[in-house]
Protein chains: 2
Amino acid sequence: MTPKIPASTAPVRGPATPAAKIVILANGTFPTHPVPLVRLHDADMIICCDGAAEKLVANGLEPGIIIGDLDSVSPELKERYGNILVQDTDQDTNDLTKAVNWCIAVGIREVTILGATGIREDHTLGNISLLADYSARIDAVMLTDTGSFRVYDHSVTIDSHPGQQVSLFSIDPSLKVTSSGLKYPLDDLTLHSWWRGTLNEAIANTFSLNFNSGKVIVFLGYCQGVNLK
Amino acid sequence: MTPKIPASTAPVRGPATPAAKIVILANGTFPTHPVPLVRLHDADMIICCDGAAEKLVANGLEPGIIIGDLDSVSPELKERYGNILVQDTDQDTNDLTKAVNWCIAVGIREVTILGATGIREDHTLGNISLLADYSARIDAVMLTDTGSFRVYDHSVTIDSHPGQQVSLFSIDPSLKVTSSGLKYPLDDLTLHSWWRGTLNEAIANTFSLNFNSGKVIVFLGYCQGVNLK
């Protein structure tokens, strides 16, 4: 018989069933850093943006869904994965947005985005900024080969490690941020240029950002030997 | 005796002496695409941002100046290039800005920036946006392995090729742009998110951007077999 768990030790946060680990693989640089690679290999389902399916299969993994214009998928893969192709030819959205929209439509609430940077820098900029558009509808984190990007639409305390590299970006140049726990403290600073909040550093195991409205994109560099949450 | 050149064939534009070809090599990804590589090999002087000197020398080229904190330059290179080291420990500027400021201080008016993207994405974002800060003081173009970034602070007609990839970014989300010669025309569009002006395409040999104030960052993808001006 299963022992009864006292109420005080029962989990009080989070769903009874852990969320499935859903990864979207975009068609930028295929991950090489252990943090995104582990996330890729641990995924319950991998959603590939168009040609990213070719890279995934070449790396010995199986796509769960292949979504996009599908103009970058070979006839061989189209035949092999015919039952998991989702063609979306909307001219106004890129393949990463199509994948995120698909997740939202089927009820997925958390997603890790990989392969969304590298190769063309204009795609990198666009994909990072799209995180801000998704933030109200899905909990998305983007992992690159150097760190993570996540968007916050409210004041927040973030887990960190002393010496961890931190950069902050805002799409809205009027947003003012005050920080604590950073090497170069922000005191009601407007992030009016993209470089303004870069090259900072955590000095403890958490740092805090305070702002009244808008959204802040937070980059955290990986720490050697430390897992990223 | 040198034949007299008729007035009608004499050069009517540009300085009597062409500007020296000055390249700043930042410490991101060392160029691999032919366009930035040719620019690097054709340079009259290469200004290296700190550790970029190591990469340059490893690629068989000689630095003209090495500038920055100099904490990423080996003792061997410091000794070998002792007479061209410029130590600038200003905490408020990154090494690329130090190099640009040095150029401006010594009277250089045109510069090509290489190696400013790749590796950390937060550095890429910061370096691209810094172009907008430099634009009033120096004519700077940034060449990556996929294309070029240049900043315009006025309406402009830009040389292009049909099918050339074009992305537009603005630091100021209130700036409104109207275009002609692009596949997806902009009609008084605000570039309020970084993705908003991405994934466009030139349809002819020029395209035009019209805006009343502010600055637009223009990315042009390289065209196969076509030299970048």
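S.K.: Any details on empty space enclosed by the protein? Residues and values, ideally.
M.R.: Under the defined criterion, the tally for this structure stands at 1 cavity of 30 Å³ or more. The space that makes up the largest cavity amounts to roughly 30 Å³. Lining of the largest cavity is provided by Ile171(A), Trp194(A), Ser170(B), Ile171(B), Asp172(B), Pro173(B), Leu191(B), His192(B), Ser193(B) and Trp194(B). Across the lining of the largest cavity, the residue classes tally to 6 nonpolar, 3 polar and 1 charged.

S.K.: Summarise the packing of helix H4 (residues 95–105) of chain A against helix H5 (residues 121–134) of chain A; cite the residues concerned and give the values.
M.R.: Residues and elements named next belong to chain A. For the pair H4 and H5, interaxial distance at closest approach is 11 Å and the crossing angle is 25 degrees. Classified by the angle their axes make, H4 and H5 are roughly parallel. Handedness of the crossing formed by H4 with H5: right-handed. For the pair H4 and H5, the contacting residues are Leu96, Thr97 and Val100 in the first and Asn127, Leu130 and Tyr134 in the second. Residue composition of the contact of H4 with H5, by class: 4 nonpolar, 2 polar and no charged.

S.K.: Describe the packing of aromatic side chains, listing the residues and the values that go with them.
M.R.: As enumerated under the stated definition, the model contains 5 aromatic pairs over all chains in all. Ring centres 5.0 Å apart and planes at 55 degrees place the aromatic pair Phe149(A) and Phe219(A) in the tilted group. Taken together, the residues Phe149(A) in strand S7 (residues 147–152) and Phe219(A) in strand S14 (residues 216–221) connect sequence positions 70 residues apart. Taking the relative accessible area as the measure of exposure, Phe149(A) reaches 0% and is therefore buried. Between the aromatic rings of Trp194(A) and Phe169(B), the centroid separation amounts to 6.2 Å while the plane-to-plane angle is 90 degrees, which identifies the pairing as edge-to-face. Here Trp194(A) is found in the loop between strand S11 (189–190) and strand S12 (197–201), whereas its partner Phe169(B) is found in strand S9 (residues 165–170) on a different chain. As far as burial versus exposure is concerned, Trp194(A) and Phe169(B) are alike and both buried.

Conventions and cut-offs
- Here the residue numbering is sequential within each chain, running from 1 through the sequence in written order.
- As a convention, the first chain written is A and the first ligand written is 1, with the rest following in written order.
- Predicted model: local features are reported for residues with pLDDT of at least 70 only, side-chain atom pairs are reported and counted for 80 or more only, and whole-chain, interface and lining totals are derived from all residues.
- The side-chain numbers reported here are obtained from all heavy atoms of the structure, hydrogens and water having been left aside.
- Grid points spaced at 1 Å and placed over the protein atoms alone form the basis of the search, with a cavity being a set where a 1.4 Å probe fits but cannot get out and a pocket an open set showing protein on both sides within 12 Å along at least five of seven lines. Lining residues have an atom within 4 Å of a point.
- Grid points are joined across faces, edges and corners, and a volume is the space filled by probe spheres set on the points.
- Ten residue types, Ala, Val, Leu, Ile, Met, Phe, Trp, Tyr, Cys and Pro, are classed as nonpolar, four, Asp, Glu, Lys and Arg, as charged, and the remainder, Gly among them, as polar.
- Between N-to-C directions, angles cover 0 to 180 degrees, with each direction set by a line fitted to C-alpha atoms, over the stretch in contact for helices.
- By the criteria applied, helices consist of DSSP H or I runs no shorter than four residues and strands consist of E runs no shorter than two, each listed in order from the N terminus.
- Working definition: roughly parallel below 35 degrees, roughly antiparallel above 145 degrees, roughly perpendicular at 65 to 115 degrees, and oblique for all remaining angles.
- Crossings are sorted by hand: turned counterclockwise from the far helix by less than a right angle, the near helix makes the crossing left-handed, and turned clockwise it makes it right-handed.
- Contacts are assigned to residue pairs that have any heavy atoms within 4.5 Å of one another.
- Aromatic rings from Phe, Tyr and Trp, taking only the six-membered ring of Trp, are treated as a pair when their centres fall within 6.5 Å; an angle between ring planes under 30 degrees marks them as stacked, one over 60 as edge-to-face, and anything in between as tilted.
- For every residue, the accessible area obtained with a 1.4 Å probe (protein chains only) is divided by the maximum for its type, and the residue is called buried under 20%, exposed over 50%, and partly exposed between those limits.

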